[in-house]
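Analysis of the macromolecular model
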Amino acid sequence: MSSPDQTPPAAALTDVTAAHASVNLLERLADKLGGRASVSAVFGEPVTRDDITVIPVAGIGFGFGGGAGRETGTAKTGEGGGGGGGAAATPLGFIEIKNGTATYKPIRDPWVDIALPLAALLAGTAAPKIVRALRGRRALSRARFTRGG
C-alpha cells in the first residue's frame with residue numbers, strides 16, 4: 001500500500017516535465033549553435049595569390065534562451081516551453097602572410113576614423129568657451145548675492 005507521501009502530485013509532475021522539456025530545448029540549441037561557432041567560422045579559408053596568403057578573421061557571437069511554464073488550479077492543466085537563439089559574425093580584419101612574415105591588419109570603419117577625431121576636435125574647441133561662460137555666470141551670481149539683489 002502506498003502512502004500519500006510516495007505519490008507525487010500532478011503539479012509536481014507537470015513542473016518536472018516542463019523543466020525537462022526546457023532543459024532539452026536549451027541543450028539542443030546549444031549543440032546546434034556551438035557546432036557552428038568553430039575555428040573555421042572565426043578564421044575563414046586562406047586565399048593565396050602571388051606568394052601572399054590572406055586569412056580572413058571574424059568575431060563570432062551567439063546566444064540562446066528558453067523558458068517553460070504551466071497552469072495551476074483544479075480545472076487548469078497544461079505545460080509550455082519556448083526558446084530561440086542566434087549567431088552573428090562580424091569581420092574584424094585579416095592575417096597577411098608574405099615572405100614568411102604574418103601580419104594582422106584590422107578592418108576599420110572609416111566613420112570611426114573620421115568621426116572620433118572630429119568629435120575630439122570640436123569638444124576641445126568648445127570646452128574652454130563653455131567653462132568661461134559658466135565662470136561668468138558664477139561671478140555674476142556672486143556679485144548679485146553680495147549686493148543683496
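Up top you'll find the structure we're talking about.
Conventions and cut-offs
Residues numbered from 1 in each chain as written. Predicted model: local features only at pLDDT ≥ 70, side-chain atom pairs only at ≥ 80, totals over all residues. Heavy atoms only, no water. Helix = DSSP H or I, 4+ residues; strand = E, 2+ residues; numbered from the N terminus. Buried < 20%, exposed > 50% of the residue type's maximum accessible area, 1.4 Å probe, protein only. Contact = heavy atoms within 4.5 Å. Salt bridge = Lys/Arg side-chain N within 4 Å of Asp/Glu carboxyl O. Pairing = 2+ DSSP bridges. Polar contact = N/O pair within 3.5 Å; in protein donor to acceptor, adjacent residues only side chain to side chain. Patch = residues over 30% accessible without salt bridge, like charges linked within 9 Å, V, L, I, M, F, W, Y side chains within 5 Å. Areas by Shrake-Rupley, 256 points an atom, 1.4 Å probe, with all protein chains shown as cover.

**Quick notes on the overall build of the protein**
- When its secondary structure is counted, the protein shows three helices and four strands.
- Of the regular secondary structure in the protein, the N- to C-terminal order runs α-α-β-β-β-β-α.
- Residues counted as buried form 8% of the 149 residues belonging to the protein.
- By sequence separation, contacts in the protein at least 24 residues apart represent 54% of the contacts at least 6 residues apart.

**Some remarks on the pattern of salt bridges**
- Tallied over the entire structure, the rule returns one salt bridge.
- Here Lys105 and Glu96 are joined by a salt bridge, their closest N and O atoms 3.2 Å apart.

**Comments concerning the pairing of strand E2 (residues 52-70)**
- Pairing analysis gives three bridges linking strand E1 (residues 47-49) to E2, with the strands arranged antiparallel. Within the sheet, the bridge partner assigned to Val47 lies in E2 and is Val54.
- Linking E1 back to E2 in an antiparallel pair, the connection comprises two residues, with Asp50 at a positive phi of about 50°.

**A few points about unusual backbone geometry**
- Phi is positive for Asp50, which is not a glycine, with a value near 50°.
- Within the secondary structure, Asp50 sits in the loop between E1 and E2.
- Taking the relative accessible area as the measure of exposure, Asp50 reaches 70% and is therefore exposed.
- In this structure, Asp51 is a non-glycine residue whose phi angle is positive, near 60°.

**Considering the side chain of Glu96**
- Examined against the element boundaries, Glu96 turns out to sit in strand E3 (residues 79-98).
- Engagement of the side chain of Glu96 in a polar contact is seen with the side chain of Lys105, the distance being 3.2 Å.

**Regarding a nonpolar patch on the surface**
- Together, Leu118, Leu121 and Leu122 line one region of the surface with nonpolar side chains, adding up to about 310 Å² of accessible area.
- Looking at the element boundaries, Leu122 is found in helix H3 (residues 110-147).

**Considering the side chain of Thr53**
- Its location among the elements puts Thr53 in strand E2.
- Reaching out from Thr53, the side chain makes a polar contact with the side chain of Thr48 at a distance of 3.2 Å.
- Those residues in contact with Thr53 that sit more than four places away from it in its chain are Pro46, Val47, Thr48, Ile95, Glu96 and Ile97.

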